[in-house]
Amino acid sequence: MIEKKTKIICTISDIRCDVDFLTELYRKGMNVVRINSAHATIEGAQKIVDNVRAVSDKIAILVDTKGPEVRLTPMENAVGFIAKAGDTVKIRNGEDNFSDSNTLYTNCATFVQDVPVGAHILIDDGSVELNVIEKDEESLTCRIMNSGTIKGRKSINVPNVYISLPALTDKDRMFVQWAIDADLDFIAHSFVRTKKDLIDIQEILDKQHSHLKIISKIENQQGIDNLDEILTHSYGVMIARGDLGVEIPAERIPLIQKKLIQRCRERKKPVIVATQMLHTMIENPRPTRAEVSDVANAILQSTDAIMLSGETASGKYPVEAVKTMCRIALETEESILTPPDLTLDNVTKPIAAVLARSLVAATLKLPVKAIIFDTWTGRTGRYLAEFRPKVPIYGMCYRDFIMREMSLIYDIYSYPFSITSTKEEFVTNAIKILKEDGKLNEGDLVGFIGGSFSNEVGATYMEFIYVS
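Keep in mind it's a predicted model, so treat the numbers as computed, not measured. (Residues numbered from 1 in each chain as written. Predicted model: local features only at pLDDT ≥ 70, side-chain atom pairs only at ≥ 80, totals over all residues. Heavy atoms only, no water.)

A. Here's a closer look at unusual backbone geometry. Not every positive phi belongs to a glycine, and D124 is a case in point at roughly 55°. Counting through the fold element by element, D124 comes out in the loop between β8 (120–123) and β9 (128–135). In this structure, H209 takes a positive phi of about 55° despite not being glycine. Summarising the element assignment, H209 is placed in the loop between α5 (195–207) and β14 (213–218). (Helix = DSSP H or I, 4+ residues; strand = E, 2+ residues; numbered from the N terminus.)

Structure representation (structure tokens):
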């Protein structure tokens with residue numbers, strides 16, 4: 001059976017996270033579970049974790065932080081009010097005040113000071129647009145540009161304007177600590193603008209010697225402009241097209257997505273494409289043709305993973321959505337070619353990278369059925385995956401959390417593995433595991449890359465062996 005190479009991330013709610021449901025999603029192609037802390041409690045999130053661990057120790061778990069976002073304060077009238085085009089409304093600082101039809105308050109203490117006259121303010125992902133026409137020390141006077149309903153607690157975006165916000169909220173810190181204690185795998189930090197937003201989290205992780213990896217969610221122009229420094233301080237990137245499409249004109253998103261994926265591949269960093277990939281399957285059993293093309297295009301651009309949000313968190317057809325995404329991946333991956341000029345830019349372990357490139361290049365000339373590597377860190381696997389071989393890559397992982405991290409990397413299927421004293425023992429044990437799992441048959445030619453034997457650590461050799 002051909003296995004898909006592109007990984008699938010499913011957003012899961014504690015309202016629907018029973019073991020049978022998660023097992024079905026896993027069987028249909030789910031690799032990573034995402035918990036959105038913006039809509040979760042610690043108790044609910046822990047319930048999800050417990051049930052995921054009961055399904056498989058190979059499923060990685062990712063938790064989102066809310067990040068530095070601006071929102072309206074609550075309104076006493078839960079239904080909000082109708083904003084009419086041409087009218088004006090004031091915005092003031094003061095997160096302890098209720099917003100109303102005359103004055104809007106935000107959770108940002110410096111919002112009035114940060115936003116200049118002429119700025120465009122988008123409320124609730126752009127459903128209502130305001131234009132700042134006047135400003136004094138206490139308030140912004142804004143003209144309403146289109147009619148619509150404004151409700152409390154809705155998001156606020158101000159494209160191309162820097163808002164002074166802390167990188168981590170109190171709730172973020174609480175969830176980061178919980179993620180450490182619960183031994184999760186990834187923290188996806190929202191609205192990353194500069195490396196400073198990541199350093200604050202990394203300091204917490206380092207202080208507690210946590211292995212959690214940071215995924216930077218790129219959601220605004222600042223994040224795009226500072227991508228290189230963000231990549232230096234990230235394990236990988238999530239292209240979060242929801243808020244990105246609010247901050248940046250929608251027609252620019254496809255090319256930005258392509259450039260972000262390309263840059264991540266150059267830096268050998270995993271990349272996720274997210275938001276509205278099969279959005280209509282929240283309500284319908286079949287996607288639109290445009291959604292199918294969107295998923296396929298992300299795979300053709302060489303994303304490592306694709307993500308489902310409301311489709312699996314609250315949609316009517318979660319299992320069908322995963323099956324659909326899996327079918328699209330399988331069909332699309334058949335047309336992906338291994339690049340003839342395999343580059344070695346931005347590598348930290350040149351020997352491992354050279355061996356990985358040579359091994360993948362050899363699969364174009366030899367009837368290799370699989371690539372096998374051993375790893376302490378996952379680095380060799382990431383190098384192999386970036387070269388996009390046509391054959392599956394099997395990782396023998398000495399640490400459980402590295403095995404789960406590989407669930408986010410294109411074309412890697414990982415197994416727990418005990419360290420061996422010799423190369424021959426490594427080859428024998430790895431082949432035995434894969435034969436028992438039905439991945440290899442007698443007579444198959446496989447390529448090995450490895451080297452963690454005795455005092456040697458890291459990829460130091462490469463060879464081809466026929467399975468016996």
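So that's the structure; there's more coming.
B. Structural detail: helix α4 (residues 170–181). Helix length check: α4 (twelve residues) gives 17 Å between terminal C-alpha atoms against 16 Å at 1.5 Å per residue, within 8%. Of all the positions in α4, only D172, F175, V176, W178, A179 and I180 are classed as buried. The secondary structure elements touched by the buried residues of α4 are β2 (30–36), α2 (42–55), β3 (60–64), β13 (186–189) and α5. (Expected span 1.5 Å × (residues − 1). Buried < 20%, exposed > 50% of the residue type's maximum accessible area, 1.4 Å probe, protein only. Contact = heavy atoms within 4.5 Å.)

C. View of the layout of surface pockets. The computed volume of the largest pocket comes to approximately 1,000 Å³. In terms of lining residues, the largest pocket is bounded by 39 residues, among which R34, N36, H39, D243 and S309 are the most central. Listed by contribution, the elements that provide at least two residues to the lining of the largest pocket are β2, β15 (236–240), α8 (241–247) and α11 (310–313). Looking at the lining of the largest pocket, its residues break down into twelve nonpolar, 14 polar and 13 charged. (1 Å grid on protein atoms, 1.4 Å probe; cavity = no way out; pocket = protein on both sides within 12 Å on 5 of 7 lines; lining within 4 Å. Points joined across faces, edges and corners; volume = space filled by probe spheres on them. Nonpolar A, V, L, I, M, F, W, Y, C, P; charged D, E, K, R; others polar.)

D. Summary view of the pairing of β2. Most of β2 sits out of view: seven of its seven residues are buried. Summarising the sheet, strand β1 (residues 7–11) and β2 pair through four bridges and their orientation is parallel. Each residue of the ladder has a partner; that of I8, found in β2, is M30. Once you follow β1 into helix α1 (residues 19–28) and on to β2, the crossover reads as right-handed. Here β2 pairs with β3 via five bridges, running parallel. Bridge assignment links R34 to a residue of β3, and that residue is L62. Each parallel crossover has a hand, and the one from β2 via α2 to β3 is right-handed. (Pairing = 2+ DSSP bridges. Right-handed = clockwise from strand over helix to strand, strands pointing away.)

E. Structural context of the sheet that holds β14. Taken together, eight strands build a closed barrel; the order of strands is β1-β2-β3-β13-β14-β15-β16-β17 and the barrel is parallel. On average, each strand axis in the sheet is tilted by 25° relative to the strand beside it, whichever way the strands run. As paired elements, strand β16 (residues 271–274) and strand β17 (residues 305–308) share two bridges and run parallel to each other. Residue pairing for β17: I272 is matched across the bridge by A305. (Axes fitted to C-alpha atoms, helices over the stretch in contact; angles between N-to-C directions.)

F. A look at helix α13 (residues 350–362). If you check α13, its first and last C-alpha atoms are 18 Å apart, about what 13 residues at 1.5 Å a residue would give, namely 18 Å. Among the residues of α13, A352, A353, L355, A356, L359, V360 and A362 are the ones counted as buried. At its buried positions, α13 is contacted by β18 (368–375), α14 (379–386), β21 (445–450) and β22 (461–466).

The values reported here are purely geometric and, on their own, carry no functional implication.
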